[in-house]
Amino acid sequence: MKKLEMLYEGKAKKVFKTEDEKRYVIEYKDDATAFNGVKKGTIVGKGVINNKMSALLFKMLEEKGIPTHFVELLSNREMLVKDVQILPLEVIMRNVAAGSLAKRLGLEEGVVMKTPVLEFCYKNDDLGDPMINEYHIRAVELATDDQVEKVKEYAFKINEILIDFFKERDIKLIDFKLEFGLHDGEVVLADEISPDTCRFWDANTNKKLDKDRFRRDLGDVEEAYNEILGRLQ
Ligand code: TMP
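Residues numbered from 1 in each chain as written. Predicted model: local features only at pLDDT ≥ 70, side-chain atom pairs only at ≥ 80, totals over all residues. Heavy atoms only, no water.

**Things to note about a nonpolar patch on the surface**
Taken together, the side chains of Leu105, Leu107 and Val111 define a hydrophobic patch exposed on the protein surface, amounting to about 220 Å² of accessible area. Within the secondary structure layout, Leu107 lies in the loop between α2 (99–105) and β10 (112–122). We classify Leu107 as partly exposed; its relative accessible area is 30%. (Patch = residues over 30% accessible without salt bridge, like charges linked within 9 Å, V, L, I, M, F, W, Y side chains within 5 Å. Areas by Shrake-Rupley, 256 points an atom, 1.4 Å probe, with all protein chains shown as cover. Salt bridge = Lys/Arg side-chain N within 4 Å of Asp/Glu carboxyl O. Helix = DSSP H or I, 4+ residues; strand = E, 2+ residues; numbered from the N terminus. Buried < 20%, exposed > 50% of the residue type's maximum accessible area, 1.4 Å probe, protein only.)

See below:
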């Protein structure tokens, strides 16, 4: 399908219109940012890895009953997706304390949560994606109650599926961020699922195999991204 004008350029992706008004092309970039764009860099090959990994996971989730925006892989860096209107929510699921949750609750990174924790953030770069709850969502109409219920149902189901999927590959799924959109009025999983948006630890060594290696200057960034994709294929 022919790419037409660019609709939107984000920190890690570009979105293009196509000849079919119901289909967009997403192109994944090697650009990496952290701390709301304050830290900038390049992770060579990241775009290819995130594209391939997201495609593989969207396909697997779709087969297990989660509707997604994914249609097909087009090239190393591009996928065809359904047109969605993204809900302005970042949906975070956590199984193990890390990052901002560890800080907020004063927990050591690695403490296992008794039950999965779902958090909402308001997707707004100018505000630094502040954490919100369902009352904020309802009060300023970021999504309807029915949409929020669907988002929560899907997020918990996706967590269960992904925990098992990664466990079989000797990877602990610590936490991750999802975005959902509306396609023909229905809630579907959108955006990406990749080492940019998840925390993955090696099941045996707890070595970080995700974007924390870039955020925290841990080295071996490209190697970690390659390692994760290699274990999935
Ligand atoms: P946090 O611990 O920094 O709040 O991150 C929680 C999860 O969300 C982690 O897997 C990384 C992911 N994440 C994003 O995908 N985008 C972001 O902008 C941030 C801050 C986190």
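**Here's the deal with the site of the ligand**
Around the ligand, a shell composed of 13 residues is seen, among which Arg94, Ser100, Asp175, Lys177 and Arg199 lie nearest. In the environment of the ligand, an oxygen atom lies 2.6 Å from a nitrogen or oxygen atom belonging to the side chain of Ser100. At a separation of 2.9 Å, an oxygen atom of the ligand approaches a polar side-chain atom of Arg199. Elements represented by at least two residues in the shell around the ligand include exactly β9 (89–96), α2, β12 (171–183) and β14 (198–202). In terms of residue count, the dominant contributor to the shell around the ligand is β12 (3 residues). (Near = heavy atom within 4 Å. Polar contact = N/O pair within 3.5 Å; in protein donor to acceptor, adjacent residues only side chain to side chain.)

**Some details on the pairing of strand β3 (residues 23–28)**
Here 5 bridges tie strand β2 (residues 13–18) to β3, and the two strands are oriented antiparallel to one another. Bridge pairing in β3 links Phe16 to Val25. Counting the residues between successive antiparallel strands, the hairpin from β2 to β3 contains 4 residues. In the sheet, β3 pairs with strand β7 (residues 78–82) via 5 bridges, with the strands oriented antiparallel. Bridging from a neighbouring strand, Val25 pairs with Leu80 of β7. (Pairing = 2+ DSSP bridges.)

**Describing the packing of aromatic side chains**
Tallying each qualifying case throughout the model produces 4 aromatic pairs. Ring centres of Phe58 and Phe70 lie 6.4 Å apart, and the angle between their planes is 25 degrees; this geometry places the pair in the stacked category. Here Phe58, found in helix α1 (residues 46–63), pairs with Phe70, found in strand β6 (residues 70–73); they are 12 residues apart in sequence, far enough to count as distant. Residue classification places Phe70 among the buried positions, given a relative accessible area of 11%. Both rings, one in Phe166 and one in Phe200, keep their centres 4.7 Å apart while their planes meet at 40 degrees; by these two values the pair is tilted. Placement of Phe166 in helix α4 (residues 145–167) and of Phe200 in strand β14 is noted, with a sequence separation of 34 residues between them. With relative accessibility at 0%, the residue Phe166 sits in the buried group. Of the aromatic side chains, those joined through ring pairs into one cluster are Phe165, Phe166 and Phe200. (Phe/Tyr/Trp six-rings, centres within 6.5 Å; stacked < 30°, edge-to-face > 60°.)

**Examining the pairing of strand β1 (residues 3–9)**
Every other side chain in a regular strand lies on the same face of the sheet, so the side chains alternate between the two faces. Where β1 meets β2, 4 bridges bridge the pair, whose relative direction is antiparallel. For Met6, the partnering residue across the bridge sits in β2 and is Phe16. Here β1 hands over to β2 after 3 residues, the two strands then running antiparallel side by side.

**Comments concerning the layout of surface pockets**
For the second largest pocket, the calculated volume is near 270 Å³. As for the second largest pocket, its lining consists of 16 residues, of which Asn95, Val96, Ile163, Lys172 and Leu173 are closest to the centre. Elements represented by at least two residues in the lining of the second largest pocket include exactly β9, β10, α4 and β12. The biggest single contributor to the lining of the second largest pocket is β10, with 5 residues. (1 Å grid on protein atoms, 1.4 Å probe; cavity = no way out; pocket = protein on both sides within 12 Å on 5 of 7 lines; lining within 4 Å. Points joined across faces, edges and corners; volume = space filled by probe spheres on them.)

**Some remarks on the pattern of salt bridges**
A complete count under the given rule lists 32 salt bridges for this structure. With a shortest N-O distance of 3.1 Å, Glu119 and Arg94 are connected by a salt bridge. Of this pair, Glu119 sits in strand β10 while Arg94 sits in strand β9; the two residues are 25 residues apart in sequence, bridging distant segments of the chain. Residue class for Glu119 comes out buried when judged on its relative accessible area of 6%. By sharing partners, the salt bridges in this structure join Arg94, Arg104, Glu109, Glu119, Asp175, Arg199, Lys208, Asp212, Arg215 and Arg216 into a single network.

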